[in-house]
Amino acid sequence: MPRFYGYAGRILRIDLTRERTKVQELEGDLARGFLGGRGLNSKRLYEEVSRHVDPLSPENKLMFSTGPLVGTMFPTASRFNVSAKSPLTGILGDSNAGGHFAAELKFAGYDQVIIEGRSRRPVYIFIDDDEVELRDGSHLSGKDVYEADEAIRREIGDRRIQIAVVGPAAENGVRYAGIYANLMRPAARTGMGTVMASKGVKALAVRGTGSVEVADPGRFEKLVEEVEDEIYSHEQYWPRRRMGTTRILMMANAMGFLPTRHYRSGVFEHAWEVSGERLADEYNVKTRGCFACTIPCSRFYVVRGGRFSGLYGEGPEYEAQGAFTARVGNGDLDLALKAIDMCNRLGLDALTTSECISWAMELYERGFLTREEADGLELSWGNGEAILTLIEKISRREGFGDVLADGSRAAAERLGRGMELTMQVKGLDLIMADPRGLKGFGLGFAVASRGGDHLRSEPFIELSDDPRRGEEMFGIPEATMRLAYRGKGRLVSYFEDWCAVIDSLEVCKNIMENMEILPFERAAEVLEAATGMRMSPEEVRRCGERIVNLERAFNVREGITRRDDCLPRRFREEPLTGGASKGSIFEQEPMLEEYYRERGWNSETGIPERGTLERLGLKHVADELGLPRENPGSEREPKAFKGAGRGRIVCATS
């Protein structure tokens with residue numbers, strides 16, 4: 001009988017430098033305090049990766065983690081988090097993916113795999129239950145994601161193994177390369193693939209023959225049936241099954257927040273031509289699901305004619321779909337699918353890739369970048385040849401592609417111009433939503449622990465534009481109205497805590513959070529039935545709050561303060577010019593003030609107060625940051641951040 005139901009109960013450490021492995025027990029206090037997945041990774045990252053470690057040095061650690069529900073029959077419990085210090089942003093790096101990899105890792109007997117050091121030779125790691133092997137990977141160097149995946153399956157002789165692999169972009173040191181499971185399930189953001197390649201590891205292949213026990217099978221099964229019934233009867237079930245997240249594009253266009261031609265407009269005149277509806281009608285041939293999923297929302301498409309006839313693949317998701325259509329001014333859906341397929345095979349984050357390209361296009365249009373500087377490419381909006389050529393060049397760090405291979409912020413620094421036009425926060429390029437038309441999301445971008453990203457909070461309820469929900473949930477009607485800014489601090493802090501719990505249980509956020517299937521109350525019930533750990537809904541939420549604060553502390557230790565919680569100037573000063581969000585700007589400062597107040601963070605520095613950290617059981621963190629013991633924020637400054645936040649607050653991106 002396992003010590004922890006639900007959990008595998010074991011952590012695997014792989015020391016590449018010494019070519020040694022070690023298995024240790026999962027600590028009970030970590031499971032109870034941080035749940036699993038993202039929480040477990042963030043806890044160990046804070047404890048084990050020191051301040052100012054070079055992200056591409058052997059001292060950085062790469063961590064894969066699953067959650068306590070993964071490997072059970074609980075719907076959508078199929079995800080894993082991979083975390084390290086990010087080579088793109090220099091702060092906490094983290095990404096999450098679904099598919100079947102996470103369950104296989106659990107069946108092999110591990111909740112978390114920690115990869116340390118650096119291999120002296122190219123390798124791939126094969127975990128076969130208790131056997132862990134570093135296999136020669138020299139023949140895999142330079143292979144794309146599909147080729148490497150196939151080669152490993154042939155070599156091991158088992159097509160049922162699960163593989164997480166990097167493409168040539170990671171091997172070439174592109175700082176936003178991802179890790180791909182099941183070929184097209186990317187943990188793409190913040191450069192986790194780049195970290196893996198820097199350690200000399202091409203892939204992590206896993207075969208597990210075990211199983212996962214739950215504490216109370218009868219109660220657990222009853223909860224699973226309740227959740228399944230709720231999912232099947234939900235109004236979003238069929239739209240999600242038919243179109244997945246691509247259904248968002250037309251809605252974003254109608255609401256006027258679809259980033260078009262690098263956020264210069266919220267409306268795209270070719271929206272229908274590149275829509276999820278058109279994909280569903282003309283391209284999709286079947287649906288696909290992750291392990292234990294009840295909504296197979298991924299789709300398999302085939303391009304049936306034209307220049308790219310015969311192209312096939314899975315997805316795409318809305319972010320990649322919008323990134324290579326509206327964002328770069330491209331109305332050709334076939335071309336967008338080709339660009340996304342190239343990113344998948346080469347192992348690139350589609351969002352950051354498209355931001356770099358669209359940023360260069362805007363520079364070119366404004367006369368800030370010459371054709372000669374761009375290797376002779378005509379960087380006009382929607383130029384398909386230029387888009388595809390740049391993707392190749394970026395993956396090889398060739399010519400102008402080398403300038404873009406470190407992200408838009410680094411490219412602006414290298415060129416010495418265009419920083420004010422980069423659409424990024426803390427170095428992570430923004431997603432496909434204009435924050436002027438979706439202000440709670442915008443606040444989430446500003447404060448997210450991994451940079452400009454929506455998945456740390458995703459306050460989807462703002463899309464309802466229903467003041468009654470705001471009044472019911474937060475006592476502020478405007479909190480759930482997308483163009484208002486009052487109440488957003490309360491909205492975002494609530495949803496950040498919830499998302500941290502969802503990411504740590506490793507269930508699907510699209511369903512469990514966006515469809516309101518797994519609120520804190522039900523999460524506490526499910527957690528007890530699965531693991532035997534009895535926790536109140538308040539304790540479960542406190543786990544989420546603890547994770548958010550520890551991640552902030554990691555970033556504070558790296559020098560992050562309030563001045564970094566800042567959206568690009570365009571959103572703060574230039575009103576949207578058309579569509580349903582016309583005239584709107586992003587009112588950053590009052591939203592930040594409210595957010596810090598809700599969080600218990602110092603409003604001048606953006607650093608958590610000692611009292612906040614101690615309430616969450618993080619006294620040692622407060623001590624390490626040198627936070628004052630009384631009258632926080634006024635007696636003295638944290639020892640690592642002298643001068644931070646003093647005087648007028650100036651955004652880092654201004």
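About the thresholds
- Residues numbered from 1 in each chain as written.
- Predicted model: local features only at pLDDT ≥ 70, side-chain atom pairs only at ≥ 80, totals over all residues.
- Heavy atoms only, no water.
- Helix = DSSP H or I, 4+ residues; strand = E, 2+ residues; numbered from the N terminus.
- Rg over C-alpha atoms; globule rule 2.2 N^0.38 Å.
- Buried < 20%, exposed > 50% of the residue type's maximum accessible area, 1.4 Å probe, protein only.
- Contact = heavy atoms within 4.5 Å.
- Areas by Shrake-Rupley, 256 points an atom, 1.4 Å probe, with all protein chains shown as cover.
- Pairing = 2+ DSSP bridges.
- Axes fitted to C-alpha atoms, helices over the stretch in contact; angles between N-to-C directions.
- Phe/Tyr/Trp six-rings, centres within 6.5 Å; stacked < 30°, edge-to-face > 60°.
- Lys NZ or Arg CZ within 6 Å of the ring centre and 35° of its normal.
- Salt bridge = Lys/Arg side-chain N within 4 Å of Asp/Glu carboxyl O.
- Polar contact = N/O pair within 3.5 Å; in protein donor to acceptor, adjacent residues only side chain to side chain.
- pLDDT = per-residue confidence, 0-100.

### Side note on the overall build of the chain
- Looking only at helices and strands, the chain has 26 helices and 17 strands in total.
- Since a compact globule built from 654 residues should have a radius of gyration of about 26 Å, the 23 Å found for the chain is in line with a globular shape.
- With respect to the three principal axes, the spread of C-alpha positions in the chain is 65 × 65 × 50 Å.
- Out of the 654 residues belonging to the chain, those deemed buried represent 65%.
- Restricting to contacts in the chain with at least 6 residues of sequence separation, those with at least 24 account for 67%.
- With the model as given, the accessible surface of the chain reaches about 22,000 Å², and the carbon-plus-sulfur share is 47%.

### Thoughts on the sheet that holds strand β7 (residues 123-128)
- The six strands lie next to each other as β8-β7-β12-β9-β10-β11, forming an open sheet whose pairing is mixed. The open sheet terminates on both sides in strands that have one partner only, identified here as β8 (131-136) and β11 (185-187). When strand polarity is set aside, the average angle formed by the axes of neighbouring strands in this sheet is 20 degrees.
- With two bridges connecting them, strand β9 (residues 162-165) and strand β10 (residues 179-181) associate as antiparallel partners. Its bridge partner lying in β10, A164 is registered against A181.

### Section: the packing of aromatic side chains
- Using the criterion set out here, one finds 20 aromatic pairs in the structure.
- An aromatic cluster of at least three residues, connected via ring pairs, comprises F460, F474, Y494, F495, W498 and F520.
- Across from the ring centre of F300, 5.9 Å away, lies the NZ or CZ of K286, which sits over that ring.
- Against the face of Y46 rests R557, its NZ or CZ located 4.1 Å from the ring centre.

### Focus: the pattern of salt bridges
- Under the defined criterion, the tally for this structure stands at 74 salt bridges.
- One salt bridge connects E19 with R121, and the closest N-O pair in it is separated by 3.3 Å. Of this pair, E19 sits in the loop between β1 (10-15) and β2 (20-25) while R121 sits in the loop between β6 (112-116) and β7, and the two are 102 residues apart along the sequence.
- Across the pair R327 and E355 runs a salt bridge whose closest N-O atoms are separated by 2.8 Å.

### Digging into the side chain of D158
- Here D158 shows up in the loop between α4 (145-156) and β9.
- Since its relative accessible area comes to 16%, D158 is described here as buried.
- Those residues in contact with D158 that lie beyond four places of it in its chain are R153 and R207.

### A look at helix α18 (residues 467-474)
- Where α18 begins, one side-chain oxygen reaches toward the backbone nitrogen of R468, 2.9 Å away; that side chain belongs to D466.
- Just downstream of α18, G475 is the residue with a positive phi angle, here 70 degrees.

### A short note on the confidence of the model for the chain
- Looking at the chain as a whole, its pLDDT mean stands at 95, while 96% of the residues score no less than 70.
- A low-confidence stretch, residues 632-649 (pLDDT under 50), is modelled with 36 contacts involving residues beyond four sequence positions or located in other chains.

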